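Fold and contact review
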Amino acid sequence: MRIAFSKLCDVRPTRSFTTRLLAGLALAGAFLAAPAPKAEAQTTAALPAMSLSAATTGPARPIAAWAEFCERYPGECAVDRTEPASVTLTPALWQTINGVNRRINRAVEAVTDQEHWRAADRWDLAEDGQGDCEDFQLLKRRLLVEAGLPRRAMRMTVVIDEKGEGHAVLTILTSRGDLILDNKTNAVLPWTQTGYTFVKRESQDAVGWVALGRDASPLTAANR
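An unreviewed UniProt entry annotates the protein chain as Transglutaminase of Methylorubrum populi.

Printed below as a string of structure tokens:
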């Protein structure tokens, strides 16, 4: 079975109370400045349980819109192999990750690429306050890089969601396993608890993508 990912997102209906993001990077300081609650800052009890990382199974074909995005924003796709491939998950870092995930999910208005760009599929940073799934995650990653996380440890990822449709999430590789940031939920979950089928993600070693899991071959996730 071949899955088409030309339309990656199941965009939620626009919410009237959603505030458009006026300037994504300008909000980073406000997002990250709020102090963590003492209970979470001083104990590992709030951290997710240890879990296994997803296995990669070889190269995969990138989403066409991702390649176009990289032409516009090459720095967002570059791989610096001197950076750590994962991060040590501390209570403070866990608080930061959750804070960025929640605030971007609230601040960005979910719209389709057709509504936003008059295009079937376009990856971009949701700096104008609108976007679909990959735009949410790309903006989250930029803000987390601004907060000091290594870009190499944060990989854009393609999954098959609960409806059997293509969807994009952000994987953060940590000392406690692979964690998923998603615009469909404010909960940051281990990848094994999302209910998604993981297809492929950005490589940590070169500009390109790698397949995930036994059934996730480049042919299964081919663009069309």
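Examining the pairing of strand β9 (residues 209–212)
As judged from the 3 bridges shared by strand β1 (residues 56–60) and β9, these two strands associate in the antiparallel manner. Within β9, the residue paired with Thr56 across the bridge is Leu212. Two strands pair when backbone bridges link them, and strand β8 (residues 197–202) and β9 are joined in this way by 3 bridges, in the antiparallel orientation. When the sheet's bridge partners are listed, Lys200 is paired in β9 with Ala211. Where β8 folds back on β9, the antiparallel hairpin that results is connected by 6 residues.

Brief notes about the pairing of β8
Side-chain positions along a regular strand alternate between the two faces of the sheet. Counting buried positions along β8 gives 5 out of 6 residues, so the element sits mostly inside the fold. Here strand β4 (residues 154–160) runs beside β8; their pairing, made up of 4 bridges, is antiparallel. Paired with Ile160 across the bridge in β8 is Thr197.

With respect to the packing of aromatic side chains
Inspection of the entire model under this criterion finds 4 aromatic pairs. Geometrically, the ring pair formed by Trp123 and Trp209 is edge-to-face, given 6.2 Å between the ring centres and 75° between the ring planes. One end of the pair, Trp123, is in the loop between α6 (113–117) and β3 (130–131); the other, Trp209, is in strand β9, with 86 residues separating them in the sequence. Both residues of the pair, Trp123 and Trp209, count as buried. Ring geometry for Trp191 versus Phe198: centroids 5.4 Å apart, planes at 85°, classification edge-to-face. Pairwise contacts between aromatic rings join Trp66, Trp123 and Trp209 into one cluster.

A closer look at helix α3 (residues 64–72)
Of the positions making up α3, those classed as buried are Ala65, Trp66, Phe69 and Cys70. Angularly, the buried residues of α3 cover 145° about the axis, an arc narrow enough to put them on a single face. Buried residues belonging to α3 abut α4 (74–77), α7 (133–146), β8 and β9.

A word on the nonpolar core
Ranked by internal contacts, the top residues of the largest apolar core, which has 42 residues, are Ile97, Trp123 and Leu144. Listing elements by their share of this core, those giving two or more residues are α3, α5 (91–107), α7, β4, β5 (166–174), β6 (177–182) and β9. Residue contributions to this core peak at 6 residues, all from α7. Sequence-distant contacts of Leu144, defined by excluding residues within four places in its chain, comprise Thr96, Ile97, Val100, Leu149, Met154, Ile172 and Leu181. Counting 7 residues, the second largest nonpolar core, distinct from the first, contains Val159, Ile180, Tyr196 and Phe198.

How each quantity is defined
- Residues numbered from 1 in each chain as written.
- Predicted model: local features only at pLDDT ≥ 70, side-chain atom pairs only at ≥ 80, totals over all residues.
- Heavy atoms only, no water.
- Pairing = 2+ DSSP bridges.
- Helix = DSSP H or I, 4+ residues; strand = E, 2+ residues; numbered from the N terminus.
- Buried < 20%, exposed > 50% of the residue type's maximum accessible area, 1.4 Å probe, protein only.
- Phe/Tyr/Trp six-rings, centres within 6.5 Å; stacked < 30°, edge-to-face > 60°.
- Arc of directions from axis to C-beta.
- Contact = heavy atoms within 4.5 Å.
- Core = buried A, V, L, I, M, F, W, Y, C linked by side-chain atoms within 4.5 Å.

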